[in-house]
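Observations on the model geometry
Spelled out, the chains give:
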Amino acid sequence: MLVFLKRSSQVIQPPKTCLFLFLPVTYKSSSLSPLASEIKIGIDRITKIINDHPFPDEPLQPTLLQHIPTISLSTSFVENVLGRLFATHSNGLKALEFFKYSIQHSQLTPSVDAFEKTVHILTRMRYFDKAWELMIEMRHKHPSLLSLKSMSIMLAKIAKFQTYEDTLEAFKRMETEVFVGRNFSTDEFNVLLRAFCSQREMKEARSVFQKMHSQFSPNTKTLNILLLGFKESGNITAMELFYHEMVRRGFKPNSMTYNIRIDAYCKKGCLGDGLRLLEEMEQVHCVPTLETITTLIHGAGIARNIPKARQLFDDEIPRRNLQHDVGAYNAMISSLIRSKDINSAIELMDGMERKQIVHDGVTYHTLFLGMMKLRGIEGVCELYYKMIERNFIPKTQTVVMLMKYFCENQHLDMGLNLWDYLVQQGHCPHSHALDLLVTGLCSRGRLQEAFKCCKQILERGRHMSEPVYHMMQRFLKQYDEMDKLMELNRMIMKLQSVLPPPGGKAIVSAC
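Just so you know, these numbers come straight off a predicted model, no measurement behind them. (Residues numbered from 1 in each chain as written. Predicted model: local features only at pLDDT ≥ 70, side-chain atom pairs only at ≥ 80, totals over all residues. Heavy atoms only, no water.)

**Let's talk about the overall build of the chain**
Within the chain, the regular secondary structure consists of 26 helices and zero strands. Here the C-alpha radius of gyration of the chain, 25 Å, is about what a compact globule of 511 residues would show, namely 24 Å. Taken over the C-alpha atoms alone, the chain extends approximately 70 × 60 × 50 Å along its principal axes. For the chain, the proportion of its 511 residues judged to be buried stands at 52%. If you take every contact in the chain between residues at least 6 apart in sequence, the share linking residues at least 24 apart comes to 70%. Approximately 23,700 Å² of the chain is accessible, and the part contributed by carbon and sulfur atoms is 52%. For the chain, the distance from the average position of its 63 positive side-chain charges to the average position of its 53 negative side-chain charges is 1 Å. (Helix = DSSP H or I, 4+ residues; strand = E, 2+ residues; numbered from the N terminus. Rg over C-alpha atoms; globule rule 2.2 N^0.38 Å. Buried < 20%, exposed > 50% of the residue type's maximum accessible area, 1.4 Å probe, protein only. Contact = heavy atoms within 4.5 Å. Areas by Shrake-Rupley, 256 points an atom, 1.4 Å probe, with all protein chains shown as cover. Lys, Arg positive; Asp, Glu negative; His and termini not counted. Charge placed at Lys NZ, Arg CZ, Asp CG, Glu CD.)

**Quick notes on the packing of aromatic side chains**
Inspection of every chain in the model, using the stated rule, returns 14 aromatic pairs. A centroid spacing of 5.1 Å and a plane angle of 80 degrees characterise the contact between Phe313 and Tyr329, whose relative ring orientation is edge-to-face. Placement of Phe313 in helix 16 (residues 306–319) and of Tyr329 in helix 17 (residues 326–338) is noted, with a sequence separation of 16 residues between them. The two residues Phe313 and Tyr329 agree in class, both being buried. (Phe/Tyr/Trp six-rings, centres within 6.5 Å; stacked < 30°, edge-to-face > 60°.)

**Some points on the confidence of the model for the chain**
Mean pLDDT over the chain works out to 89, with 91% of the residues at or above the 70 mark. With pLDDT under 50 throughout, residues 1–31 is counted as low confidence; its partners more than four residues away or in other chains account for 61 contacts. (pLDDT = per-residue confidence, 0-100.)

**Considerations on the environment of Val468**
Looking at where Val468 falls in the secondary structure, it is placed in helix 25 (residues 466–478). Residues Val468 and His432, spaced 36 residues apart in sequence, show a C-alpha to C-alpha distance of 10.0 Å.

**Notes on a positive patch on the surface**
There is a patch of like positive charges on the surface, built from Arg304, Arg338, Lys340 and Lys373. On the basis of relative accessible area, Lys373 is assigned to the exposed category, the value being 68%. (Patch = residues over 30% accessible without salt bridge, like charges linked within 9 Å, V, L, I, M, F, W, Y side chains within 5 Å. Salt bridge = Lys/Arg side-chain N within 4 Å of Asp/Glu carboxyl O.)

**Concerning the side chain of Thr398**
Looking at the element boundaries, Thr398 is found in helix 21 (residues 396–408). Apart from the residues within four sequence positions on either side, Thr398 is in contact with Gly361, His365 and Phe368.

**Some points on unusual backbone geometry**
In the Ramachandran plot, Arg304 falls in the positive-phi region, its phi being about 60 degrees despite a non-glycine side chain. Relative to the helices and strands, Arg304 resides in the loop between helix 15 (290–302) and helix 16. Within the chain, Lys340 stands out as a residue other than glycine whose phi angle is a positive 65 degrees. On the secondary structure map, Lys340 appears in the loop between helix 17 and helix 18 (342–354).

**Side note on helix 14 (residues 271–283)**
Between its first and last C-alpha atoms helix 14 spans 19 Å; for 13 residues at 1.5 Å apiece the expected length is 18 Å, and the two agree. Burial in helix 14 covers these residues: Leu271, Gly274, Leu277, Leu278 and Met281. Here the buried residues of helix 14 occupy an arc of 115 degrees about the axis, which is enough to place them on one side. For helix 14, the elements touching its buried residues are helix 13 (255–267), helix 15 and helix 16. (Expected span 1.5 Å × (residues − 1). Arc of directions from axis to C-beta.)

**Quick word on the pattern of salt bridges**
Per the stated rule, a full pass over the model turns up 28 salt bridges. The residue Glu245 makes a salt bridge to Arg249 at a minimum N-O spacing of 3.0 Å. Between Glu481 and Lys484 there is a salt bridge, and its shortest N-O distance comes to 3.6 Å. The class for Lys484 is partly exposed, based on a relative accessible area of 21%. Taken together, the shared-partner salt bridges in this structure form one network comprising Arg200, Lys231, Glu232, Asp263 and Lys267.

**Topic: the packing of helix 24 (residues 447–459) against helix 26 (residues 482–498)**
Running from amino to carboxyl end, helix 24 crosses helix 26 at an angle of 20 degrees, the nearest separation of the two axes being 10 Å. With respect to helix 26, the element helix 24 is oriented roughly parallel. Note that helix 24 runs across helix 26; the crossing there is left-handed. Across from Gln448, Phe451, Cys454, Lys455, Leu458 and Glu459 in helix 24, the residues of helix 26 making contact are Lys484, Glu487, Leu488, Met491, Ile492 and Leu495. When the residues that make up the contact of helix 24 with helix 26 are grouped by side-chain class, the tally is seven nonpolar, one polar and four charged. (Axes fitted to C-alpha atoms, helices over the stretch in contact; angles between N-to-C directions. Parallel < 35°, antiparallel > 145°, perpendicular 65-115°, else oblique. Left-handed = near helix turned anticlockwise from the far one by under 90°. Nonpolar A, V, L, I, M, F, W, Y, C, P; charged D, E, K, R; others polar.)

**Looking at helix 3 (residues 75–87)**
Under the 1.5 Å per step criterion, the end-to-end length of helix 3 is 18 Å for 13 residues, consistent within 8% with the ideal 18 Å. All buried positions along helix 3 are accounted for by Ser76, Phe77, Val78, Glu79, Asn80, Val81, Leu82, Arg84 and Leu85. His89 sits one or two residues past helix 3 and shows a positive phi near 55 degrees.

**Focus on the side chain of Arg261**
Relative to the assigned elements, Arg261 resides in helix 13. Relative accessible area serves as the criterion here: at 2%, Arg261 is assigned to the buried category. Polar contacts involving the side chain of Arg261 include one to the side chain of Glu240, which spans 2.9 Å. (Polar contact = N/O pair within 3.5 Å; in protein donor to acceptor, adjacent residues only side chain to side chain.)

**A short note on the packing of helix 17 against helix 18**
Viewed as axis vectors pointing N to C, helix 17 and helix 18 meet at an angle of 165 degrees, and their least axial separation amounts to 8 Å. Here helix 17 is positioned roughly antiparallel relative to helix 18, judged by the angle of their axes. The two elements helix 17 and helix 18 meet at a crossing, and its hand is left-handed. On helix 18, the residues touching Val326, Tyr329, Asn330, Met332, Ile333, Leu336 and Ile337 of helix 17 are Ile342, Ser344, Ala345, Leu348, Met349 and Met352. Its residues placed into classes, the contact of helix 17 with helix 18 shows 11 nonpolar, two polar and no charged.

**Topic: the state of the cysteines**
Scanning all chains against the criterion turns up zero disulfides. Unpaired in terms of disulfides, Cys442 finds its nearest cysteine sulfur in Cys454, a separation of 7.2 Å. (Disulfide = S-S within 2.5 Å.)

In structure tokens form, the structure reads like this:
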């Protein structure tokens, strides 16, 4: 394990590209066959090559031609690489280049999934012009790729980063420039509502509903989208008022409707109300799902009612002929941690492996939170070593949480180890993780390491934040490292020339 504590610039060289690495095989099981394992290695390898590519100093297409046999591109390979690029917070333009490469050099029609992932990566980085160009291009070349999901991705990000008016204008643009000739109906109306509800902008969502519902025919899905928005905003009263209003209008609730309401009460600690809704659900012949019971397990944990959580997990799920999944295990683990029973939580996590239920990001995030509260740095490090031995990549939320914990608890070497692990796995760590690590390093005079981390994120086509830049600028000047400051400025200006920073505000980079 100690090997992970050493900062090393050496990266294990992957095997040379083999044609069978690009066969259409997916991988989701924790116990992969030799062939599936090799395919995963190939996908991880190409993802790392793309992320490590010195964008924008060099074009990406020649590198892709060098490393990916064009005759071996498959639909699942393209989808899996784009999925990994999304998970690793890759630069959006790199993902776009890879998607275009797959279209230009493959005999296969691009898949809807690959297109949606590319749109998601671009819009997450606020590269809306490129996303619009891509959607319009696909309308002409591959109109079958245009889906409600791609529309939903685009509108949700516009609702998040732009104004109410911009979102309505984008909806109209979808009708006139992208989905040309399509008769917009309730499905498209629901997509627009979901865009606002996903951002908890319920005032805007209600305004759209009131203005436009007469043009369309709202259905149960419309009801559920709005209920979910009220639930996520934490306003149970507004949720229930809207629910009863819609029922009076003749809408019939389904299992999802009840799941949303149960979740709202459980998150407020009102387990009794959640159980009451379970009974009501069965009385109106809505069949409870695994999600229903999982929600109640989580609610029992919030209410500190561990006997009820165990009864739901151990008895209720089998009694209803349901199968435990990772979500049910995560809910039970969370409940145990809330009751400070970390040992039982660890045992349950180990039990997942025995039943071949794969740990996910929520599993690790929940256990890390428990370790921080109940076992301190030793428990966190023990779980961290287990995670990296399994080559598991945590979600961004977990990365930022771990980085903050390591830096605040005087364990900068662990923070650097986490950073190196992510980079060597082909990931581009989130800028929040960089902010925390560089702040910690600079405050302890470890300027060279801070500079290296900043270079790594810029080399991968991602921006550093303005406060971190000014911090580096101040320290580099203080220690008379003007060559390094000039190098940092050159890289920032080069990146800004092709990828404006979030918000469109350029970082001042004059010495």
